[in-house]
Amino acid sequence: MTTPLQSFYIVRFNDCDPLGHLNNARYIDYMLNAREDHLRDEYQVLLPDFAKQGVTWVTTNHEIQYVRPALYSERVCIQSALIESSESQLIVEIVMYDESIQQIKALLWTTFTHINIKTGRKAVHDPEFFRFLKGITVTHVNKAAGLKARLAELFVEANKRNENDFIN
C-alpha cells in the first residue's frame, strides 16, 4: 500500500485573521503547495516540465472540511496522497494535522483535470505517466463513501495514534 507523503509548515502571520487563525482560503494554498512539494521531492515530478510539453492540470473541484483552527506560528503536518486516477482526471486527498499528527485541522479532496494548454480542452494522460499514476494511487480510501465518512476514518486513525502514544 502506498503511504501518504508528508511535510511540515509553520503558519505565517500574514496568512491569519485578526484572531490568529489561518484564513480559510489559505488552508487550500498551504495544502496545494505541500502537494507540489511532495511531487517534486518524492517523485521528481515538476509541474513546469509538463507545461513545456504543452499539458497541465487545472483544478475543477475542491471539497474541504475544516475541523480545527490552525494558529499563527503553529507547526502543522500536511499529508497528501493520490486517491483516484483516470485517463484525464486525478483526485488528491490532502490532510492538515497538528505537528504531532494527533489532531486533524482540515481534510481536502481536489479534482484536477488534465488539459492541453493550446486547445484548453481535456487531454488524456500519456500511457507511461498513467502507469506511474496507477502505481502511486492509494487503494484504501473509499471515495464513494464521501468526504465526511473519510473524515470519520481519519478520526479513528488519529485516536489510535493517541492511544498508542499514551500506552508507550
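Further up the page is the structure itself.
None of the values given here were measured: they were computed from a predicted structure.

*Asks:* Any chance you could break down the packing of aromatic side chains for me, citing the residues and the numbers?
*Replies:* In the structure shown here, the tally under the stated rule is 7 aromatic pairs. Plain terms: the ring middles of phenylalanine 50 and tryptophan 57 are 4.9 Å apart, the flat faces sit at 70 degrees to each other, and that makes the pair edge-to-face. Note on accessibility: phenylalanine 50 and tryptophan 57 belong to one class, buried. Each residue in the set Tyr43, Phe50, Trp57, Phe129 and Phe132 is aromatic and connected to the rest through ring pairs, giving one cluster.

*Asks:* Go over helix 1 (residues 24-43), please, and point to the residues and values.
*Replies:* With 20 residues, helix 1 ought to run about 28 Å at 1.5 Å a step, and its terminal C-alpha atoms sit 29 Å apart, in line with that. Buried within helix 1 are the following residues: Tyr27, Ile28, Tyr30, Met31, Ala34, Arg35, Asp37, His38 and Leu39. The N-cap of helix 1, judged by a side-chain oxygen 2.8 Å from the amide nitrogen of alanine 25 a few residues on, is asparagine 23. One or two steps after helix 1, the chain reaches glutamine 44, where phi turns positive at roughly 55 degrees.

Reading guide: rules and limits
- Residues numbered from 1 in each chain as written.
- Predicted model: local features only at pLDDT ≥ 70, side-chain atom pairs only at ≥ 80, totals over all residues.
- Heavy atoms only, no water.
- Phe/Tyr/Trp six-rings, centres within 6.5 Å; stacked < 30°, edge-to-face > 60°.
- Buried < 20%, exposed > 50% of the residue type's maximum accessible area, 1.4 Å probe, protein only.
- Helix = DSSP H or I, 4+ residues; strand = E, 2+ residues; numbered from the N terminus.
- Expected span 1.5 Å × (residues − 1).
- Polar contact = N/O pair within 3.5 Å; in protein donor to acceptor, adjacent residues only side chain to side chain.

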